[in-house]
Amino acid sequence: MSLVQTLGSEFDFEMGNTRRVLEVVPGADAHWKPHPKSYTLGDLASHLATLPLWARLVLQQSELDLGSPANASIARVSFTNIPELLERFDRYVKEARDALSSLADGAMSEKWTLKSRGSTIFSLPRAAAWRGFILSHMIHHRGQLTVYLRLRDVPLPSLYGPTADTQR
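Now for a look at the structure at hand. This structure is a prediction, so every number in the text was calculated from the model and none was measured.

## What to know about the packing of aromatic side chains
Under the criterion given, the structure shown has seven aromatic pairs. Ring geometry for Phe-11 and Trp-130: centres 5.1 Å apart, planes at 40°, overall tilted. Of this pair, Phe-11 sits in helix α1 (residues 3-23) while Trp-130 sits in helix α5 (residues 126-151); the two residues are 119 residues apart in sequence, bridging distant segments of the chain. Grouping residues by exposure puts Phe-11 and Trp-130 together as buried. With 6.1 Å between their ring centres and 50° between their planes, Trp-112 and Phe-122 make a pair best called tilted. Here Trp-112, found in strand β2 (residues 111-116), pairs with Phe-122, found in strand β3 (residues 119-125); they are ten residues apart in sequence, far enough to count as distant.

Laid out in structure tokens, this is it:
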């Protein structure tokens, strides 16, 4: 199996897990947050729904500057409603998956850079940026979101196995 195929399988699995969590987000609790410094529940869910767009950009560009005015609309996307959030997530997942499928393994070793207002945050091989900046980043925020959901008494879907809320 090629590197691109392996990364694609991992991407598909994690996007399925993320969608299952996004599906149970209670829109009525979108403005709730566990701490004054935290994202709101809705904005955290919206961030998760937008990360697959960043995945496509990792594959199609050599760098991304999230602090530039041109990228303000993707740096932080506000929550609207659950149907829109899921539609956006699904569209971005498809775009990212299509972009990944079109790459050769060699492209995954090319340098990719994340910037903020022109300053470099990191430069990594594209495969490392894909796994760290996209997949690990998403898993991190999905974990935060599951804590938010638990605190709102929302039953959690199965991700890597049963939860306390799913049948064993």
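## With respect to the packing of helix α2 (residues 41-60) against α5
Put simply, α2 and α5 touch, their axes get as near as 10 Å, and they point 170° apart. For the element pair α2 / α5, the angle class is roughly antiparallel. Of the residues assigned to the contact of α2 with α5, the class counts are 18 nonpolar, four polar and two charged.

Rules behind the numbers
Residues numbered from 1 in each chain as written. Predicted model: local features only at pLDDT ≥ 70, side-chain atom pairs only at ≥ 80, totals over all residues. Heavy atoms only, no water. Phe/Tyr/Trp six-rings, centres within 6.5 Å; stacked < 30°, edge-to-face > 60°. Helix = DSSP H or I, 4+ residues; strand = E, 2+ residues; numbered from the N terminus. Buried < 20%, exposed > 50% of the residue type's maximum accessible area, 1.4 Å probe, protein only. Axes fitted to C-alpha atoms, helices over the stretch in contact; angles between N-to-C directions. Parallel < 35°, antiparallel > 145°, perpendicular 65-115°, else oblique. Nonpolar A, V, L, I, M, F, W, Y, C, P; charged D, E, K, R; others polar.

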